[in-house]
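# Topology and contacts: notes
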Amino acid sequence: MSNKIYKDDCLNHIAFPLGGIGAGMICLEGAGALSNVSIRNRPNVFFEPCVFSAICVKGEQNIARVIEGPIPDRKIFGSPGTGNGGAHKSYGLPRFAGASFSSRFPFANIDFTDENLPLDISLIGWSPFIPGDADNSSLPVAALDYKFTNNTSDTVEAVYSFNGKNFMDTGSHMAQVLEAANGFVFWEPGAEDKPWEQGAFCASVDSPEAAVNCAWFRGGWFDSLTMAWDEIECGEINARPPIADGDPSPGASIYVPFILKPGEDKIIRLMLSWYVPRTDLHFEWEEKKCSCGCDCGGESAKGDDYYHQPWYAGAFDGIESVAAYWRNNYDGLRCKSAHFSDTFFDTSLPDEVIEAAEANLSILKSPTVLRQKDGRLWCWEGCCDGDGCCAGSCTHVWNYAQALPHLFPDLERTLRETEFHEGQDSNGHQSFRVPLPIKTATHGKQAAADGQLGGIIKVYREWRISGDAQWLEKMWPQVKSSLDYCTKIWDPDSEGVIREPHHNTYDIEFWGADGMCTSVYLAALKAAVSMGGSLGEDTAHYAELLSKGSAYLDSELWNDEYYIQKTQWEGLHSGNPLEYQALAFSGYSPEASAILAKEGPKYQYGTGCLSDGVIGFWMAESAGLGTFGNPEHIKSHLASIHKYNLKRNLSAHANPQRSTYALGKEGGLLLCSWPRGGKPSLPFVYSDEVWTGIEYQVAAHCIMMGLVDEGLEIVRTCRARYDGKKRNPYNEYECGHWYARAMSSYSLLQALTGIRYDAVEKTLYVDPKIRGDFRSFLCTATGYGTVGIKDGDVFVEVQEGAIDIMNIVR
């Protein structure tokens, strides 16, 4: 049971996402502030509006505090605006002397300390997260539950307040503060030519005695916040209706007075919700433009269907209905979310594993994930500070993410359906980035070998998780077309190995056979043999390719320690790299052409020990295809990754690429190393970096193959970097914040326990890599619970729904 507590400087970067799947987020910081407010359907990382809760304890001399701990040092100097004094923030207002933060996803807890106050105050921030209930887990809502306890011998009279400037105001001069039930709404109608600026944010409390001030003092400079704090400090309760004279209120406050006798406590629920139904989000990899280069038709010709609309815009007709649903269903949603949380943390697995899995579930609440009006997912790879990063539900990045298919399998299946329908043409070519809103993709760019082949493995996984034979039958023609395309393009001589230049997750092409993409190819072939066989299809050709490819892998790509790449650029069907460069990530300068003549194509790994070098076998294990290939060679490759690529101290490591993922005295798992020499002058472009998603992939695979200590060391090394001092423990970044690949951490649960439920066979598989009794979380398409071994016997405790188990295989 992980219950790590962050204090002092470890609170510096904590920001815990609250919100719904594809609905935007508000982050609860370690000291209690709200930041990273990204509720307009795109990231707005580091946006911290002036909103805060406060407490005033009445007495001979009132004591007033913002209910937050000390301001993190990073906000005092070095952040944007601090050179001008950090104006229009709440930083200069009195606050608590100390705070401590802990989490049990989707709940975060903060305890505040201040010896000058006669109240003990704590806060629980949360938003609904209920496996199997995608809609309630996609609500644009968040909650802050404040608990006030009187541990003195005297009666305490106090006033709680929530206060804020209207941060929905876009400068249109039409923004308003409106009334809501026990609260207020920040409303922006949006300019006529910018309908996506329309939006509403609602704050309300569950206290009928609440009073609301919708009319903050209007003035220049710092007038409004000055007057608002004066009222807070005096313990005044001034209910004021919305301003009707056209000059908008700059902000609003909710007041809740209460009296606590000695030993009594009170909980005040602050319920937040938002509604931004329209966006200016549109992505198409190859926009069709007229000869002059303009975007034909102009904005006036683009209807709502041209832009992304969030799922909740179809489920609710406005902020009032969202807020009412939140208010009316609050208790039930909290109970169900707590039930999941309690079950997830009812485990005996190592703390570092639970911490890694929990922390990266936050990605599902971040702007990395969008859910469009028809309910389907469309995802970025991660988040830039002000926009999504790397569009199109990128297939090779989402190959790694293992949380969603188990927790929300219906949503995961929408990604497969998009890949194999809108994303795939009649030839079987898949675009690894699909448009937003989802529609038929264009196919002028290269396919991604690991992404397209990985999709076949994931179709197999979704079939085994759901048990839905009809779904598989509908998907099979597209799966077959996809695999046949892959064979034609990358294995035209039917060798069972990929030689032809093949694009992959490193944003380049590998030339010649390599262990990484060949292992994915073999796993896809094995998945196709199983799926096709279940449908009565002839899969003999795929089985033959699988046999030939497996033999090639172990005879030609094995160096007696790990798998390598046999770089090849001559004698291929694709021609030489200079002829191929029209489709490549980047062309060849004269200097690069000189390297080509001497070493071969740039961006290869050749004799290197690649951390992704046997990823296909990890994907196969995770999907339920089991262990195949040569287990001893696979295990040796993983041991080599641990031996050569895991650095406990990176101070002497040269990384001319992207360095802030891990550097200096920190440790991390390099993407590649060359322990036997032969490093190319220009190896693949990210080779010297550290990616958490690959760290977890390797760690899980190590554990699956019996290298438990090695796998856990990789996990600990990774999580040590995310300690709150330098980085946010709930935001593992790669090419952007909340990067999807990091959800590979969820596979650590399966790796350690060997627990997997197969809905096709209705069989529970249990093959633990840890000794003795244990307890662990298991989620299936129909229910979840705790599974493990007690006194040598397998037990199953179903906590929600049902799990139809007819057989247990150990």
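About the cut-offs
- Residues numbered from 1 in each chain as written.
- Predicted model: local features only at pLDDT ≥ 70, side-chain atom pairs only at ≥ 80, totals over all residues.
- Heavy atoms only, no water.
- Core = buried A, V, L, I, M, F, W, Y, C linked by side-chain atoms within 4.5 Å.
- Buried < 20%, exposed > 50% of the residue type's maximum accessible area, 1.4 Å probe, protein only.
- Helix = DSSP H or I, 4+ residues; strand = E, 2+ residues; numbered from the N terminus.
- Axes fitted to C-alpha atoms, helices over the stretch in contact; angles between N-to-C directions.
- Parallel < 35°, antiparallel > 145°, perpendicular 65-115°, else oblique.
- Left-handed = near helix turned anticlockwise from the far one by under 90°.
- Contact = heavy atoms within 4.5 Å.
- Pairing = 2+ DSSP bridges.
- Phe/Tyr/Trp six-rings, centres within 6.5 Å; stacked < 30°, edge-to-face > 60°.
- Lys NZ or Arg CZ within 6 Å of the ring centre and 35° of its normal.
- pLDDT = per-residue confidence, 0-100.
- Nonpolar A, V, L, I, M, F, W, Y, C, P; charged D, E, K, R; others polar.
- Expected span 1.5 Å × (residues − 1).
- Arc of directions from axis to C-beta.
- Polar contact = N/O pair within 3.5 Å; in protein donor to acceptor, adjacent residues only side chain to side chain.

## Let's talk about the nonpolar core
Formed by 215 residues in total, the largest nonpolar core has its most connected members in Ile55, Phe148, Tyr160 and Tyr506. Among the elements that take part in this core, helix α10 (residues 515-534) stands out by supplying 11 residues, more than any other. Formed by 12 residues, the second largest nonpolar core is a distinct cluster that contains Cys50, Ala64, Val66 and Ala228.

## Considerations on the packing of α10 against helix α11 (residues 540-556)
Close contact between α10 and α11 brings their axes to 9 Å; oriented N to C, the two are set at 150°. One finds that α10 runs roughly antiparallel with respect to α11. As α10 runs across α11, the sense of the crossing is left-handed. Contacts between α10 and α11 involve Gly515, Thr518, Tyr521, Leu522, Leu525, Lys526, Ala528 and Val529 from the former and Tyr542, Ala543, Leu545, Leu546, Gly549, Ser550 and Leu553 from the latter.

## Considering unusual backbone geometry
Pro106 follows Phe105 through a cis peptide bond whose omega is 5°. Its location among the elements puts Pro106 in the loop between β7 (98-104) and β8 (107-113). Cis geometry is adopted by the peptide bond preceding Pro437, which originates at Leu436 and carries an omega value of -10°. Of note, Pro437 is situated in the loop between α7 (409-420) and α8 (449-466). Non-glycine residue Phe46 carries a positive phi angle of around 80°. Along the chain, Phe46 falls in the loop between β4 (34-38) and β5 (51-57).

## So, the sheet that holds strand β2 (residues 15-19)
A sheet is described by the order of its strands in space; here 3 strands give the open sequence β2-β3-β4, paired in antiparallel fashion. What marks the edges here is a single partner per strand, and that holds for β2 and β4. Direction aside, the axes of adjacent strands within the sheet are offset by 25° on average. Taken together, the 3 bridges between strand β3 (residues 25-29) and β4 define a ladder with antiparallel strand orientation. Bridge pairing in β4 links Met25 to Ser38.

## So, the packing of aromatic side chains
Describing an aromatic ring pair means giving the distance of the ring centres and the angle of the ring planes. Counted under the stated rule, the structure contains 49 aromatic pairs. Judged by centre distance (5.3 Å) and plane angle (75°), the rings of Trp126 and Tyr330 are edge-to-face. With Trp126 in strand β9 (residues 119-126) and Tyr330 in helix α3 (residues 319-344), this residue pair connects regions lying 204 residues apart in the sequence. You'll find Trp126 and Tyr330 in the same group, each marked buried. Pairwise contacts between aromatic rings join Phe16, Phe101, Phe105, Phe129, Phe340, Phe344, Phe345, Phe408, Tyr730, Phe777 and Tyr784 into one cluster. The ring of Phe628 is capped by Lys526, whose NZ or CZ atom sits 5.4 Å from the centre of that ring. The ring of Tyr400 has Arg741 sitting right over it, with the charged end atom 4.6 Å from the ring centre.

## Describing the pairing of β2
The buried count for β2 comes to 5 of 5 residues, which makes it a mostly enclosed element. Bridge count between β2 and β3: 5 bridges; the pairing is antiparallel. Residue pairing for β3: Pro17 is matched across the bridge by Cys27. Following β2, the chain reverses through 5 residues before pairing antiparallel with β3; Gly22 in that reversal takes a positive phi of roughly 75°.

## Quick look at the confidence of the model for the chain
Overall, the predicted model of the chain reaches an average pLDDT of 95, with 97% of residues at or above 70. A low-confidence stretch, residues 288-301 stays under pLDDT 50, and its non-local contacts, those more than four residues away or across chains, total 8 contacts.

## Considerations on the environment of Ala469
Structurally, Ala469 is set in helix α9 (residues 469-490). Taking the relative accessible area as the measure of exposure, Ala469 reaches 45% and is therefore partly exposed. Placed 62 residues apart in sequence, Ala469 and Met531 show a C-alpha to C-alpha distance of 9.7 Å.

## Digging into the packing of helix α14 (residues 615-623) against helix α16 (residues 692-704)
Where α14 contacts α16, the two axes come as close as 10 Å, and the packing angle between them is 70°. Accordingly, the angle class assigned to the pair α14 and α16 is roughly perpendicular. Note that α14 runs across α16; the crossing there is left-handed. Contacts between α14 and α16 involve Ile615, Phe617, Trp618, Glu621 and Ser622 on the former and, on the latter, Gln697, Ala700, His701 and Met704. Tallied by class, residues from the contact of α14 with α16 come to 5 nonpolar, 3 polar and 1 charged.

## So, the pairing of β8
Pairing of β7 with β8, which is carried by 7 bridges, proceeds in the antiparallel orientation. Each bridged residue has a counterpart across the sheet, and for Ala99 the counterpart in β8 is Phe112. Hairpin remark: β7 followed by β8, antiparallel, with 2 residues in the connecting loop. Following β8, the chain reverses through 5 residues before pairing antiparallel with β9.

## Some words on α11
Between its first and last C-alpha, α11 extends 24 Å over 17 residues, near the 24 Å set by a 1.5 Å rise per residue. Turning to α11, its buried residues number three or more, namely Tyr542, Leu545, Leu546, Gly549, Ser550, Tyr552 and Leu553. One face of α11 carries all of its buried residues, which in axial projection span an arc of 165°. If you follow the buried residues of α11, they end up packed against α9, α10 and α14.

## Re the environment of Glu188
For Glu188, the position within the fold is in strand β13 (residues 183-188). Expressed as a C-alpha distance, the spacing of Glu188 and Met174, which sit 14 residues apart in the sequence, is 6.6 Å. If we skip the residues at most four places from it in the chain, Glu188 touches Arg40, Met168, Asp169, Thr170, Gly171, Ser172, Ala175, Glu197, Gln198 and Gly199. Polar contacts involving the side chain of Glu188 include one to the side chain of Ser172, which spans 2.6 Å.

## As for the side chain of Glu734
Inspection of the secondary structure puts Glu734 in the loop between α17 (708-721) and α18 (747-753). Residue class for Glu734 comes out buried when judged on its relative accessible area of 6%. Only 2.8 Å separates the side chain of Glu734 from the side chain of Arg741, close enough to count as a polar contact. If sequence neighbours within four positions are ignored, Glu734 has contacts with Tyr661, Trp691, Tyr739 and Arg741.

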